[in-house]
Amino acid sequence: MTMLQQTSSPAELPLLDVKDLVQRYTLPRESMFKPAGQVHALNGVTARVMAGRSLGVVGESGSGKSTFARLVMALEQPSSGSVSLMGRDLNRMPAGELRRARRDFQMVFQDPYGSLDPRQTIARIVAEPLTALGRMDRATLRGRVAGVLRQVGLRDADMDKFPHEFSGGQRQRIAIARALITQPKLIVADEPVSALDVSVQAQVLNLLQDLQDQFGLSYILISHDLAVVDYLCDEIAVMYLGRIVEQGSPEDLFAHCAHPYTRALLEAVPRASAGGTRRRRGAQSIASQSTGATGCAYASRCPLADQYCRDTAPALRNVGTAHLAACHHAEAVMALPPAAGG
Amino acid sequence: MSGSINTPLIEVRDLGIRLNTSRGPAQAVRGVSFSLKRGETLGLVGESGCGKSVTALALMGLLPDSAVVSGSIRLDGSELVGLSDANYGKLRGNRISMIFQEPMTALNPMHTIGRQVAEPLRRHTNCSAAEARKEAIALLDRVGLPDAAKRVDAYPHQFSGGQRQRVTIAMALACQPDVLIADEPTTALDVTIQGQILDLIAGLVAERGMSMILISHDLGVIAENVQRMMVMYGGTVVESGATNAVFTRMGHPYTQGLFRARPRLGARKGTRLQTIAGTVPELADLPSGCTFADRCAIVEDRCRMALPAVVDVSAGHGVRCVRTDVSMAEAVGAVGA
């Protein structure tokens, strides 16, 4: 079960094509005379996902990961930029067509306790994406539900139970079954395992892996846990304050990362091994999202920052094959000894 | 557990806690014993429902009234089990403090952070409001809150998660406690902020000579932050010892399973994660023998007969398993480098 490195020809149409996505939220007005402040949640994010491949998105809270997920799911209109699934721009579709197109992309949420309606049976919860698409007779519907429940490792008999009868791991399986029932091509999973216990987390990650091998699904996996995205994804994007600061294969990113922020994330992962002692870290402050500062957004936290960094924002550029980084000092960062994984 | 020369600061002997749950009475904690000397740090690891937080709440005297506590908890030689609420109130926040998991809910949204940090001082010491406020500013400054003097009158919602956790740490430290209990202090925080908060706690523990009990489900956090550790499962301690000894040679099948189940950075692509079969049992229907028996790969009939005794596999490293000969022969040992 090795992941083949498919060489995608440039002519091949990507499953998902996100171009220069910008999202701004307006803050509540604080003064009658000043214009309302704005939060730049996304500042020009470009990404593509080929069929059967997975993109991991990592970053701290406030980096724009979840906004990215909401825009890919067409739950919000972006301020500018486009999201295209199989060549069709989701934000230019008529509402009815978008509704039908939703069968191709589904979402799995973080909290399996909050994302399932406690008053509905499992059969109704799992069938909902199908019933939203159009009428279907009861027997077919129950057949489809039984099918997906088996695929995620649950039994037919579970159909008429309620969510409270299941453990956290089983609930997350139900949420995955609900996403699978429309036979989507893309599943966006926002922190799918962070609410689960370690032993159960491994079961759900294995399931996601198996489903991808079986159905050729693509995932966009949003997580703050680097090891989780490393396990499931072919490509990883590291986000900081609404921008992708580094993007590449897990091997490139973790063996020789090119952005100081990626390195800081890697170094912050505690190692579960004997002889572990605390490595002291310098105090870091988080920059604000609303300031429209000129230079590199990471400069205030970066140990390598110089005047040039504070004046000129670095663009995302190639630092290797299919390895992008937005840092003036990328080469210097890559030359550092690797930040060993845990 | 460890033969101590000087008297332990906190000593727990055969602690048992029975809780009333919706499914009837449940033995949430059984036979937990440990002792901590001044300045020592102890880690508690386990998944949800293993009894680690209940143990912490018992130390704080914060269990519900219906809970039945057996065994003994001694702080500097004086018994805490059965202590009246009024007397416990004099200890709590004064000699024993706790940092809670959720900085979002641990703070009162209606009071300024300055007032909340000063509250234990006003309650336990005779200082005036002005002195308490001054001390609160000093504490907030010490835990690294920027502009403490200016922000002392701000409300919790005006701070980020990491800053709020700093405020709860300042609250816990206000009266210079002897014992600090940190229950998953960084679970709700980003990995970079987690590092800062753990650094801060480690620095303060060393600086003030406190004893710390750190509760976490993250083996990495435990490995880097405590001298000794206990792994809990189903209300019992299944493995305990010096952190280095446990990570070098894990004895219990559950500890090994937890360790193997973690996704690791840089693991080869396509390798499957090793899972522990089944799910964490509910406290109301724990198996009678070894609590891990139903999920264990090397279970035998005798495992289900009675709760296994603790086997000392090396000095101070105890494993509650009858099959350590098998489990440790194929142990993961130092795989995690």
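Since we're looking at a predicted model, the values are computed, not measured.

(A) Quick peek at the overall build of chain A. Of regular secondary structure, chain A possesses 11 helices and 12 strands. Here chain A has a C-alpha radius of gyration of 21 Å; the compact-globule value for 342 residues is 20 Å, and the two agree. C-alpha extents for chain A along the principal axes are approximately 70 × 60 × 45 Å. Residue pairs at least 24 apart in sequence account for 65% of intrachain contacts in chain A once pairs closer than 6 positions are excluded.

(B) Region of the structure containing unusual backbone geometry. For D20 of chain A, which is not a glycine, the phi torsion comes out positive at approximately 45°. Tracing the backbone through its elements, the reader meets D20 of chain A in strand β1 (residues 16-26). The phi torsion at Q176 of chain B lies on the positive side, around 50°, for a residue other than glycine. Its place among the elements puts Q176 of chain B in the loop between α7 (161-173) and β7 (179-183).

(C) Structural detail: the confidence of the model for chain B. Residues and elements named next belong to chain B. Predicted confidence across chain B gives a mean pLDDT of 88, with 95% of residues reaching 70 or more. Taken as a whole, residues 1-5 scores under 50 in pLDDT and shows 7 contacts with residues more than four places along the chain or in a different chain. Contacts for the low-pLDDT stretch residues 332-337, under 50 throughout, to residues beyond four places or in other chains number 12 contacts. ipTM for the predicted complex: 0.79, alongside a pTM of 0.84.

(D) Representation of the UniProt feature "domain: ABC transporter" (unreviewed entry) in chain B in the model. UniProt marks residues 10-259 of chain B with the feature "domain: ABC transporter" (unreviewed entry), using the numbering shown here. Annotated as residues 10-259 of chain B, this span is 40% helix and 27% strand, and its ends, taken at the C-alpha atoms, are 29 Å apart.

(E) Layout of the nonpolar core. Of all hydrophobic cores here, the largest spans 192 residues; its most connected members are V126 and I220 of chain A together with V117, L140 and A170 of chain B. Counting residues domain by domain, this core receives three or more from each of domain 1 (10-44 + 64-228) and domain 2 (233-265 + 272-329) of chain B. Not counting the four nearest positions on each side in its chain, A170 of chain B is found in contact with V117, L139, L140 and V143 of chain B.

(F) Region of the structure containing the confidence of the model for chain A. Taken as a whole, chain A shows an average pLDDT of 86; of its residues, 90% reach a score of 70 or greater. Every residue in residues 1-9 of chain A is under pLDDT 50, and counting partners more than four places away or in other chains gives 8 contacts.

(G) Spotlight on α7 of chain B. Residue and element names in this part refer to chain B. In a regular helix each residue adds 1.5 Å, so 13 residues correspond to 18 Å; α7 covers 19 Å between its end C-alpha atoms and thus fits that length. Along α7, 12 of the 13 residues are buried, which leaves the element largely enclosed by surrounding structure. Looking only at α7, the buried set comprises G162, Q163, R164, Q165, R166, V167, T168, I169, A170, M171, A172 and L173. The secondary structure elements touched by the buried residues of α7 are β6 (96-99), α3 (103-106), α4 (113-124), α5 (129-142), β7 and α8 (191-208).

(H) Inspection of the domain arrangement of chain B at higher detail. All names here are of chain B. Once the domains are mapped, chain B shows domain 1 (10-44 + 64-228) and domain 2 (233-265 + 272-329). Domain 1 and domain 2 are separated by 29 Å when their C-alpha centres are compared. When contributions to the side of domain 1 that touches domain 2 are tallied by element, the ones reaching two or more residues are β2 (24-36) and α9 (219-225). Of the residues forming the side of domain 1 that touches domain 2, the biggest block, 8 residues, is contributed by β2. Taken together, the residues of the side of domain 1 that touches domain 2 break down into 8 nonpolar, 6 polar and 3 charged.

(I) Molecular detail of α4 of chain B. I113, G114, Q116, V117, A118, P120 and L121 of chain B are the residues of α4 of chain B that are buried. If you follow the buried residues of α4 of chain B, they end up packed against α5 and α7 of chain B.

(J) Spotlight on the packing of α7 of chain B against α8 of chain B. Residues and elements named next belong to chain B. Interaxial distance between α7 and α8 falls to 10 Å at its minimum, and their mutual angle equals 15°. When the interaxial angle is binned, α7 and α8 end up roughly parallel. As for how α7 packs across α8, the hand of that crossing is right-handed. Residues G162, Q165, I169 and L173 of α7 pack against I193, Q196, I197, L200, I201 and L204 of α8.

(K) Fine view of the sheet that holds strand β2 (residues 38-49) of chain A. Residues and elements named next belong to chain A. Pairing within the open sheet is antiparallel, and its 4 strands lie in the order β2-β1-β4-β5. On the outer flanks of this sheet lie β2 and β5 (88-89), each paired with one strand and no other. When β1 meets strand β4 (residues 80-85), the two strands line up antiparallel, connected through 5 bridges. Following the sheet pairing, V22 is matched in β4 by S80. Here helix α1 (residues 65-72) sits on the sheet and contacts β1, β2 and β4; the angle it forms with β1, its principal contact strand, is near 120°.

Rules behind the numbers
Residues numbered from 1 in each chain as written. Chains lettered and ligands numbered in written order. Predicted model: local features only at pLDDT ≥ 70, side-chain atom pairs only at ≥ 80, totals over all residues. Helix = DSSP H or I, 4+ residues; strand = E, 2+ residues; numbered from the N terminus. Rg over C-alpha atoms; globule rule 2.2 N^0.38 Å. Contact = placed C-beta atoms within 7 Å. pLDDT = per-residue confidence, 0-100. UniProt positions renumbered as here; feature names shortened; annotations may be inferred. Core = buried A, V, L, I, M, F, W, Y, C linked by C-beta atoms within 7 Å. Buried ≥ 20, exposed ≤ 12 C-beta atoms within 10 Å, placed from the backbone. Domains from an automatic or database assignment. Expected span 1.5 Å × (residues − 1). Nonpolar A, V, L, I, M, F, W, Y, C, P; charged D, E, K, R; others polar. Axes fitted to C-alpha atoms, helices over the stretch in contact; angles between N-to-C directions. Parallel < 35°, antiparallel > 145°, perpendicular 65-115°, else oblique. Left-handed = near helix turned anticlockwise from the far one by under 90°. Pairing = 2+ DSSP bridges.

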